[in-house]
Amino acid sequence: MAVELNHTIVPASDPHKSATFLAELLGVAEPVTFGPFQVVTLDNGVSLDFMRAEGEIGSLHYAFKVADEQFQPIFDRIRAAGLPYWADPHRQQPNEINTNDGGQGVYFPDPDGHNLEILTRDYGSGA
């Protein structure tokens, strides 16, 4: 059997709000409740399990590879939500997207400040 990522826990001040935010932006199924988690399942079966965290939440990075035809609708939802966005993870290129490896990519924050990214090409693919 191949090694695959199955799920990861995402700390959130309001798990329902954060999970719904992500599902709506990405255009995937709405979150489901499983125990203390709000679960967002991606098309490849990997899930992000949002769990309530108390106190300060450190920023984590989550990158989502999307098809070329999915990029623009997701990016349109990011802009419609009035979210800031950057072409780079260090937030030095505001209001831009990147074209790394012949694709498109953009970074934006979730409600708890996690650094989310959508990209259409694997980094280093040289496409």
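Here, every reference points to the structure presented above.
Note that the structure is a prediction, hence the values are computed from the model and not measured. (Residues numbered from 1 in each chain as written. Predicted model: local features only at pLDDT ≥ 70, side-chain atom pairs only at ≥ 80, totals over all residues. Heavy atoms only, no water.)

1. Quick look at the pattern of salt bridges
And then number 1: Here the structure, examined in full by the defined rule, presents 3 salt bridges.
And then number 2: A salt bridge links Asp68 to Arg121; the nearest nitrogen and oxygen atoms lie 2.8 Å apart. A residue pair is termed long-range when its members are at least 10 positions apart, and Asp68 in helix H2 (residues 68–80) and Arg121 in the segment after strand E7 (115–119) qualify at 53 residues.
And then number 3: Residue class for Arg121 comes out partly exposed when judged on its relative accessible area of 24%. (Salt bridge = Lys/Arg side-chain N within 4 Å of Asp/Glu carboxyl O. Helix = DSSP H or I, 4+ residues; strand = E, 2+ residues; numbered from the N terminus. Buried < 20%, exposed > 50% of the residue type's maximum accessible area, 1.4 Å probe, protein only.)

2. Details of the packing of aromatic side chains
And then number 1: According to the stated counting rule, one finds 2 aromatic pairs in the structure shown.
And then number 2: Measuring from centroid to centroid gives 5.8 Å for Phe71 and Phe75, while their planes differ by 25°, and the two rings are stacked. With Phe71 and Phe75 both in helix H2, this residue pair falls 4 residues apart, about one helical turn.
And then number 3: The interplanar angle of 85° and the centroid separation of 4.9 Å between the aromatic rings of Phe75 and Tyr85 together place this pair among those described as edge-to-face. With Phe75 in helix H2 and Tyr85 in the loop between H2 and strand E6 (105–109), the pair connects residues that are 10 residues apart, well separated along the chain.
And then number 4: An aromatic cluster is defined as three or more aromatic residues linked by ring pairs; in this entry it consists of Phe71, Phe75 and Tyr85. (Phe/Tyr/Trp six-rings, centres within 6.5 Å; stacked < 30°, edge-to-face > 60°.)

3. Section: the sheet that holds strand E4 (residues 47–52)
And then number 1: Ordered by their spatial adjacency, 4 strands build an open sheet running E1-E4-E3-E2, and the pairing between neighbours is mixed. Of all strands in the sheet, those with a lone pairing partner are strand E1 (7–12) and strand E2 (32–34), marking the two edges. Each neighbouring strand pair of the sheet contributes to a mean axis angle of 35°, computed without reference to strand direction.
And then number 2: One ladder, built from 5 bridges, connects strand E3 (residues 37–41) with E4; its direction is antiparallel. Opposite Phe37, over in E4, you have Met51 as the bridge partner.
And then number 3: Here helix H1 (residues 15–26) sits on the sheet and contacts E1, E3 and E4; the angle it forms with E4, its principal contact strand, is near 155°. (Pairing = 2+ DSSP bridges. Axes fitted to C-alpha atoms, helices over the stretch in contact; angles between N-to-C directions. Contact = heavy atoms within 4.5 Å.)

4. Considering the sheet that holds E7
And then number 1: Strand order in the open sheet formed by 3 strands is E5-E7-E6, with mixed pairing between adjacent strands. Looking at the sheet topology across the chains shown, the edges are occupied by strand E5 (61–65) and E6. Each strand axis lies, on average, 20° off the axis of its neighbour in the sheet, ignoring direction.
And then number 2: By the bridge criterion, 5 bridges tie E5 to E7 in an arrangement that is parallel. When the sheet's bridge partners are listed, Ala63 is paired in E7 with Glu117.

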